[in-house]
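Observations on the model geometry
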Amino acid sequence: VQLQASGGGLVQAGGSLRLSCAASGRTFSSYTMGWFRQAPGKEREFVAAVRWSAGSTHYADSVKGRFTVSRDNAKNTVYLEMSSLKPEDTAVYYCAARGPSTTVLITQVRGYDYWGQGTEVTVSS
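Residues numbered from 1 in each chain as written. Predicted model: local features only at pLDDT ≥ 70, side-chain atom pairs only at ≥ 80, totals over all residues. Heavy atoms only, no water.

Quick word on the pattern of salt bridges
Two side chains carrying opposite charge are able to pair once their charged atoms lie near each other. Note the cut-off: Salt bridges, as used here, are contacts in which a Lys or Arg side-chain nitrogen is within 4 Å of a carboxyl oxygen on Asp or Glu. Secondary structure elements are taken from DSSP: a helix is a run of H or I of four residues or more, a strand is a run of E of two residues or more, and numbering for both begins at the N terminus. Each residue is placed in one exposure class: buried if its accessible area under a 1.4 Å probe, protein chains only, is under 20% of its type's maximum, exposed if it is over 50%, and partly exposed if it falls in between.
For the coordinates displayed, the defined rule picks out five salt bridges. Where Arg-18 meets Glu-81, a salt bridge forms, and the shortest distance between an N and an O atom there is 4.0 Å. Here Arg-18 is found in strand E3 (residues 17-24), whereas its partner Glu-81 is found in strand E8 (residues 77-82), with 63 residues between them in sequence. Taking the relative accessible area as the measure of exposure, Arg-18 reaches 44% and is therefore partly exposed. A residue is classified by how much of its surface remains accessible, and Glu-81, at 36% relative accessible area, is partly exposed. Arg-66 is the partner of Asp-89 in a salt bridge, and the nearest nitrogen-oxygen pair spans 2.7 Å. With Asp-89 in the loop between E8 and strand E9 (91-98) and Arg-66 in the loop between strand E6 (57-59) and strand E7 (67-72), this residue pair connects regions lying 23 residues apart in the sequence. Given a relative accessible area of 1%, Asp-89 falls into the buried group.

Below, the structure is given as structure tokens:
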């Protein structure tokens, strides 16, 4: 299984970025795909998740109304559209996948089986 995250970069506060996570190596139709981020000196935290089959989504309170997670079944790719970016959104962003039998909360790092390599987002003030 491979998860390849991309799309990070430097953006001014108030700007937008779209992150992509290309998934390969298995069928992900029953999986949940998550986005997490880790700022320097901080723990990795949940950002958003989408259930691949149903398309239902879940967001951290800190990004609700600003970020949108979605998936493209044909491209086996998950996206994180980020708008109204703030300096506190600066972090390395990771995509992750968890199987259908996982009982750990969707917001917890340990609930995910596969991780991408991360893409860095820097928001300047």
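Some thoughts on the state of the cysteines
Definition in use: We call a pair of cysteine sulfur atoms a disulfide whenever their separation is within 2.5 Å.
Counting across every chain of the model gives one disulfide. Across a sulfur-sulfur distance of 2.2 Å, Cys-21 and Cys-95 are joined as a disulfide pair. Here the S-S torsion is close to 65°, and the disulfide linking Cys-21 with Cys-95 is therefore right-handed. In this pair, Cys-21 sits in strand E3 while Cys-95 sits in strand E9, placing the two residues 74 residues apart along the sequence. Note on accessibility: Cys-21 and Cys-95 belong to one class, buried.

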